[in-house]
Amino acid sequence: MYILVAATDRGTAEPNTAYLQPLDDDGAPSAAPVVVPFAELPGKVAELESKRPRWVFENARDWHPQLLRNGVSIERCHDLTLIRGILRFAASAAPSPYIEELRNAPVDDVDDALPRQLMPPPPAPDQGTLFESEPAAAGMPLDDLRAEFQAQLAAITQSAQANRLALLTAAESAGALVAVEMEHFGMPWREDVHRDILTNALGPRPREGHRPAELERLAGELRSALGNPAFNPDSPQELLRALHRAGIEVKTTRQWELEQHNHPAIPPLLHYKKLSRLLTANGWTWLDTWVHDGRFRPEYVVGGVVTGRWASRGGGALQIPRVIRDASRPDPGHRFIVADAAQLEPRVLAALARDSALAEAARGRDLYQGIADQGFGGDRAKAKLAMLGAMYGATTGESGRLMPQLTRTYPQAIAVVEQAARKGESGGVVSTHLGRSCPPPSSRWLQAQHSTTADEQRRAEGVARARGRFTRNFVVQGTAAEWALCWLAEIRRRLRAAAGGGAVLGELVFFLHDEVVLHVRDECVKDVEAIVQESASAATNLLFGNIPIDFPVNGVVVDSYADAK
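The rules behind these values
Residues numbered from 1 in each chain as written. Predicted model: local features only at pLDDT ≥ 70, side-chain atom pairs only at ≥ 80, totals over all residues. Heavy atoms only, no water. Helix = DSSP H or I, 4+ residues; strand = E, 2+ residues; numbered from the N terminus. Rg over C-alpha atoms; globule rule 2.2 N^0.38 Å. Buried < 20%, exposed > 50% of the residue type's maximum accessible area, 1.4 Å probe, protein only. Contact = heavy atoms within 4.5 Å. Areas by Shrake-Rupley, 256 points an atom, 1.4 Å probe, with all protein chains shown as cover. Lys, Arg positive; Asp, Glu negative; His and termini not counted. Charge placed at Lys NZ, Arg CZ, Asp CG, Glu CD. Expected span 1.5 Å × (residues − 1). Polar contact = N/O pair within 3.5 Å; in protein donor to acceptor, adjacent residues only side chain to side chain. Arc of directions from axis to C-beta. Pairing = 2+ DSSP bridges.

Caption draft 1: Region of the structure containing the overall build of the chain. In terms of regular secondary structure, the chain is built from 21 helices and 14 strands. Here the chain has a C-alpha radius of gyration of 26 Å; the compact-globule value for 565 residues is 24 Å, and the two agree. With the C-alpha coordinates aligned to their principal axes, the bounding extent of the chain is approximately 80 × 60 × 55 Å. When each of the 565 residues of the chain is scored for burial, the buried share is 51%. Considering only residue pairs separated by 6 or more positions, the chain has 66% of its internal contacts joining residues 24 or more positions apart. Total accessible area on the chain is roughly 25,400 Å²; 50% of this is exposed by carbon and sulfur atoms. Charged side chains in the chain number 62 positive and 70 negative. The centres of these two groups are separated by 5 Å.

Structure, rendered in structure tokens:
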């Protein structure tokens, strides 16, 4: 059973109400809609949740946070917005006027004519007052939402790859629930520890508009070393001019380029840049903005990257630097379980290709060492360089030199990425295992291929190879994102089942590509560790069936996120 949820339009007789429309398996109404005042909605949802429906939301983020604040957590949903994003490009979606309309919507071009790795996050939903006395303007009308839901169901169920596409859309919607729940629970964060880290590294918090003491000291040392007492080290232009005047000929102020020069100014400059990054990215302002009531609560963007990986909007949730991780500590009576999937992408490649030799290299051991033992004389570094080059398109230089050996040893695996690269170079579209497809080439890209001069031809070949590198990795990274999403959803499902309406064993509080962090009560650690491992096996079986390829998960129990790695 489905239940479609929609808010009434502003200006109606009952603007503070929601419609709950029961639907059958085809998305057709199975009963009259129930009209519920917003204040009573959490209770009504909790009542209906006992029937295990799949809730249909235009955007789960508009509804799930308020339900959670009222102690109601739903099990399953269908997020129309997220699924719309998948179906817009999915090559396996059954054709229909709805799909045609999605695909005819404009796709932004990019200046360099290359495919966009990171799609812009959708605008923040203006639903902050949805359950208050003056609700925000409602979204699509009930009939329009129902029509879109039926069109999405048809595109999925009538697909030649219906089972895979259904799994992808279900996992994506589960991810929407997980993202909201992680924001609701928050990652435990000790503000006092974070402040101590900042004070020890930078000195006391300065007045607004002033540098911390340690940065001011380093700025003075840097000015002295460069013989330039007036320049501002925070200005890239002034810094480059000061370096050039001191005879340090660099094109940028990147670390790798600065380290090639032996000059007294280089050590204080590198240290200044490091501390400046800490202040800017995770300093006192960050702490004031993103940590409240002992919890770090960023906003996750499910499917924010075209491959299906998550992004974040504000807070830098996907880039928590090691220097501040010690501030993330579990509550008393709790532990962190930090788990990550080992060498996920090459294992996914082995599964996609059904390459038995690569599967054997991965069985029960470090995959890169297994590759090294099979074809690189035991040299793990060479084996890793070759495999990463194959998956990411670094097929020149040293990695290119190693490619022939890799191809001889694993012809099926290399054929998968090479075929994806050739398809991308020719302007084609590639798809992940479950059916997420890459966007088509932009009009700029297509125009670049119609070359008339030698220079234009070289540029056309360059952008074609760039798209090939993108599609080469898309099939692997995107399928790895699918595995991780299924793993995440399965952990959530098993935690809910284990609680069974009683005490919660633990909560998912962080997710980063192939890593999860759970906040777990002391006495539940062993049970949750088992859930994490079992969920990984379940995710593998969901995607690939019963295959002889190991997807091991490394898990540790820690009292600080800094101790995880």
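Caption draft 2: Geometry of helix α16 (residues 380-392). In this model α16 runs 18 Å from its N-terminal to its C-terminal C-alpha over 13 residues, within 8% of the 18 Å that 1.5 Å per residue would give. By the burial criterion, the buried members of α16 are A383, A386, M387, G389, A390 and M391. Considering only its buried residues, α16 is in contact with α13 (344-353), α14 (356-362), α15 (367-375), α17 (397-409), α18 (411-425) and α20 (454-499). The backbone nitrogen of A381 lies 3.2 Å from a side-chain oxygen of the residue at the head of α16, namely D379. Looking one or two places after α16, you find G393, whose phi comes out positive at around 85°.

Caption draft 3: Broad picture of α18. In this model, α18 (15 residues) spans 21 Å end to end at C-alpha, consistent with the 21 Å of a helix rising 1.5 Å per residue. What α18 keeps buried is the set A413, I414, V417, A420, A421 and G424. Here the buried residues of α18 occupy an arc of 125° about the axis, which is enough to place them on one side. If you follow the buried residues of α18, they end up packed against α13, α14, α16, α17, α19 (443-449) and α20. With its phi angle positive at about 90°, G427 sits one or two positions after the end of α18.

Caption draft 4: Region of the structure containing the pairing of strand β13 (residues 515-521). Of all seven residues in β13, six are buried, a share of seventy percent or more. Across seven bridges, strand β11 (residues 334-341) lies against β13 in antiparallel orientation. Bridged to V338 within β13 is V517. Following strand β12 (residues 506-512), the chain reverses through two residues before pairing antiparallel with β13; H513 in that reversal takes a positive phi of roughly 60°.

Caption draft 5: Expanded view of the sheet that holds strand β6 (residues 187-188). The strand order across the open sheet built from three strands is β6-β8-β7, with neighbouring strands paired in antiparallel fashion. Of all strands in the sheet, those bounded by a partner on one side alone are β6 and β7 (291-292). As defined by bridge partners, β7 adjoins strand β8 (residues 295-296) across two bridges and the pair is classed as antiparallel. Among the inter-strand pairings, V291 is bridged to a residue of β8, identified as F296.

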